[in-house]
Amino acid sequence: MSKSISGFSKLSKRGKLRWIVENFFKDPENVMRELTSYWLLNEEQQKVLDGFSENTISNFYLPFGVAPNFVINDKTYAVPMVIEESSVVAAASAAAKFWMTRGGFKAKVISTKKVGQVHFCWTGDFKKLESVFEILKARLISDAAEITKNMEARGGGILDIQLINYTEVEPNYYQLKANFETCDSMGANFINSVLESFGKSLQSFVATNDLFTDEEKDVSIIMAILSNYTPECIVRAWVECPIEDLGNFSNGIDANTFAKKFYTAVRIAHIDQYRATTHNKGIFNGIDAVVLATGNDFRAIESCGHTYAARDGNYRSLSHCRIDNGVFKFWLDIPLAVGTVGGLTKLHPIARRSLELLGSPNAEELMMIIATTGLAQNFAALRSLVTTGIQKGHMKMHLINILNHMEATTKEKELAEVHFEKEVISFNAVRAFLDSLRTKKGSGATRLLNR
Ligand code: MEV
């Protein structure tokens, strides 16, 4: 089936939805009703959401949950999390509670630099450009003054600019690479505007400078864009306690055995890429959920985190574990370029509430909260993996999802939960169990169901 349209974006929202349902669904009226039922009743709020993106036809809902009891640097937070995967919020909450009685989490921001690049091609003499680079730099900065004025007033701005010669790997290719401080904003718009100004200034500087011959006057700007890789915008979150304070774990595992297994699990994620990927995925379960809840850009955070995890040439765990003189230490270093002003942070009604719930943190405090949630998530996942195995908790949630899917009643759910304590959970097994309940008329089970 190939159905195309020109002028789709010009249709009204209802018009777009109608075209979609009539062309792609077997049951257009029902789908139309269903998708419009997810529109917000408050038209003003709906307009705000529609304004974030293009061609919207409805809203796609995700659960908005909270993990309470996060003690970070002696302050207690209830952390907002937006995530569709079951068990993640429960795991974060359990880890928060576990560490609450063991000194809590600690976190500190190590650095906050953002990065941007102007990529350009030029056939001139590099030595000449290098010789006037300090003058060029001053010009780039002064030409961008109008854009940087407000950021400077807030304590940020351009930190430094480098000229990089890449001609050994790509003929005629150079780069202006700049570092920025963007204070409480993620800074994408600010950085991109400054970089575009740099590009224009560079072209006019070279075109009007007598040092360069006519053949050298033309600079071709390939692109000017921020880099989402910010290895100097780093936050560390950590926990530590004497091993004996870890207590005992399920399956009769004592604190010492737990610490050793946990340490080895983290080591494995430093050695083996297959494990490292899943291990870091668990960290991002926590990180992305808070990033989303606070209206930040989770794609930027993910791509940066994965590049950072591979910074020595091998993809490795983002978290680390050490056992020193009987003390268990577990920490995470991660680049997190997030904002608490600008972007969606204040525009999205729930992102705004998330930030309020966190006590209206600045960007550095939010970095610490997000990193801590990632570490907590990782701790919870590894704790399950090296003790009971992950499936125990997961399958319980899976059972609830299957029961909801099969529209089980509250009583059926209670009976199923008891039954599947000892049975293997699968879609078919749950269906068979519900069928047996529903057909055994007059049995004890049905009497219970009818209550
Ligand atoms: C599942 O979403 C995440 C885990 O697989 C992470 C891990 O294995 O460390 C449980």
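Remember, predicted model here, so these are calculated numbers, not experimental data.

Engineer: Run through the side chain of Ser58, naming residues and quoting values.
Structural biologist: Mapped onto the elements, Ser58 comes out in the loop between α3 (43–52) and β1 (64–72). If near-sequence neighbours (up to four positions away) are discounted, Ser58 is found in contact with Lys13, Leu35, Tyr38 and Trp39.

Engineer: Run through the pairing of strand β3 (residues 106–109), naming residues and quoting values.
Structural biologist: Here β3 shows a clear split, with Ala107 and Val109 buried on one side and none of Lys106 and Lys108 buried on the other. As paired strands, β3 and strand β8 (residues 234–242) are joined by 4 bridges and run antiparallel to one another. Across the sheet, residue Lys108 finds its bridge partner in β8, namely Arg236.

Engineer: A description of the nonpolar core should follow, citing residues and the corresponding values.
Structural biologist: In this structure, Phe70, Leu246, Ile287, Phe328 and Phe330 are the most contacted members of the largest nonpolar core, which totals 67 residues. Looking at this core, the element that brings in the most residues is helix α13 (residues 363–386), giving 12 residues. When neighbours within four sequence positions are excluded, Phe70 is seen to be in contact with Lys75, Thr76, Tyr77, Val79, Ala92, Ala96, Phe105, Thr372, Thr373 and Ala376. Counting residues in hydrophobic clusters, the runner-up holds 31 residues, among them Ile158, Ile191, Val194 and Ala224.

Engineer: Talk me through helix α11 (residues 298–309); I want residue IDs and the actual numbers.
Structural biologist: With 12 residues, α11 extends 16 Å between its outermost C-alpha atoms, agreeing within 8% with the 16 Å of an ideal straight helix rising 1.5 Å per residue. Residues Ala300, Ile301, Glu302, Cys304, Gly305, Tyr308 and Ala309 constitute the buried set of α11.

Engineer: Quick one: what's the story with the site of the ligand, residue by residue and with numbers?
Structural biologist: Inspection of the region around the ligand gives Glu85, Arg275, Thr278, His279, Lys281, Gly282, Asn285, Ala381, Leu385 and Ile390 as its neighbouring residues. Within the side chain of Arg275, an N or O atom sits 2.7 Å from an oxygen atom of the ligand. The separation between an oxygen atom of the ligand and a polar side-chain atom of Asn285 is 2.9 Å. With the chains in place, 86% of the 300 Å² that the ligand exposes on its own is no longer accessible. For the shell around the ligand, the secondary-structure elements that each account for two or more residues are α10 (273–293) and α13. Per-element accounting of the shell around the ligand gives the leading share, 6 residues, to α10.

Reading the values: the criteria
- Residues numbered from 1 in each chain as written.
- Predicted model: local features only at pLDDT ≥ 70, side-chain atom pairs only at ≥ 80, totals over all residues.
- Heavy atoms only, no water.
- Helix = DSSP H or I, 4+ residues; strand = E, 2+ residues; numbered from the N terminus.
- Contact = heavy atoms within 4.5 Å.
- Buried < 20%, exposed > 50% of the residue type's maximum accessible area, 1.4 Å probe, protein only.
- Pairing = 2+ DSSP bridges.
- Core = buried A, V, L, I, M, F, W, Y, C linked by side-chain atoms within 4.5 Å.
- Expected span 1.5 Å × (residues − 1).
- Near = heavy atom within 4 Å.
- Polar contact = N/O pair within 3.5 Å; in protein donor to acceptor, adjacent residues only side chain to side chain.
- Areas by Shrake-Rupley, 256 points an atom, 1.4 Å probe, with all protein chains shown as cover.

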